[in-house]
Amino acid sequence: MYHNYEVGNIVKLKSNGQEMQIISVCKSPFEGELSGYIVCKWNENGRKSKCTFHVDEVEFVNVGSAKPYDVDSNSHSYW
């Protein structure tokens, strides 16, 4: 499923499952386009942390109101 990375989304690292909140979506300083990096914050054992990750390192825990595409439904409209 495709989803835009947005401030406030909850993600987790694919490597260890630490849940984090996106606090910033980084843009390229030259073109102003999305760079593929996000800044996340999280609490671990009462210690607050913040770090930058590439979007390929994380997966979504909470994607808001986005719903997956239903491949079994016969009621799809393509036009």
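Residues numbered from 1 in each chain as written. Predicted model: local features only at pLDDT ≥ 70, side-chain atom pairs only at ≥ 80, totals over all residues. Heavy atoms only, no water.

Asks: Looking at this model, I keep getting lost on the overall build of the chain. Mind explaining?
Replies: When its secondary structure is counted, the chain shows zero helices and five strands. For the chain, the sequential pattern of α-helices and β-strands runs β-β-β-β-β. Within the chain, the proportion of its 79 residues that are buried is 22%. Of all intrachain contacts in the chain linking residues separated by at least 6 positions in sequence, the fraction that spans at least 24 positions is 33%. Taken as a whole, the chain presents about 6300 Å² of accessible surface, with 48% of it coming from carbon and sulfur. (Helix = DSSP H or I, 4+ residues; strand = E, 2+ residues; numbered from the N terminus. Buried < 20%, exposed > 50% of the residue type's maximum accessible area, 1.4 Å probe, protein only. Contact = heavy atoms within 4.5 Å. Areas by Shrake-Rupley, 256 points an atom, 1.4 Å probe, with all protein chains shown as cover.)

Asks: Just to check I follow, could you spell out the pattern of salt bridges for this structure?
Replies: Two side chains carrying opposite charge are able to pair once their charged atoms lie near each other. Per the stated rule, a full pass over the model turns up one salt bridge. For the salt bridge of E59 with K12, the shortest nitrogen-to-oxygen distance reads 3.7 Å. Taken together, the positions of E59 in strand β5 (residues 58-62) and K12 in strand β1 (residues 10-13) put the pair 47 residues apart, joining distant regions of the chain. According to the relative accessible area criterion, E59 is partly exposed, its value standing at 33%. Note on K12: relative accessible area 26%, which makes it partly exposed. (Salt bridge = Lys/Arg side-chain N within 4 Å of Asp/Glu carboxyl O.)

Asks: It is not clear to me how the confidence of the model for the chain should be interpreted in this structure. Could you clarify?
Replies: Do not read the fine detail of predicted coordinates wherever pLDDT is low. Across the chain, pLDDT averages 79, with 75% of residues at or above 70. The element-level mean pLDDT for the chain is lowest in β5, coming to 87, with strand β4 (residues 47-54) highest at 94. Low pLDDT, under 50, characterises residues 66-79; the predicted model gives this stretch seven contacts beyond four residues in sequence or across chains. (pLDDT = per-residue confidence, 0-100.)

Asks: I'm lost on the nonpolar core in this one. Help?
Replies: Note on soluble globular proteins: their nonpolar side chains tend to be buried together. In terms of nonpolar packing, the biggest core is built from ten residues, these being V11, L13, M20, I22, I38, C40, W42, F53, V55 and V58. Contributing elements (two or more residues each) for this core: β1, β2 (19-27) and β3 (34-44). Setting aside chain neighbours within four positions, we find I38 in contact with Y5, I22, S24, V25, C26, C51, T52, F53, V55 and V58. (Core = buried A, V, L, I, M, F, W, Y, C linked by side-chain atoms within 4.5 Å.)

Asks: I keep staring at unusual backbone geometry and nothing clicks. Help me out?
Replies: Among all residues except glycine, the phi angle is most often negative; among peptide bonds, the trans geometry is most common. Of note in this structure, N45 is not a glycine but carries a positive phi near 55 degrees. Following the sequence through the fold, N45 ends up in the loop between β3 and β4.

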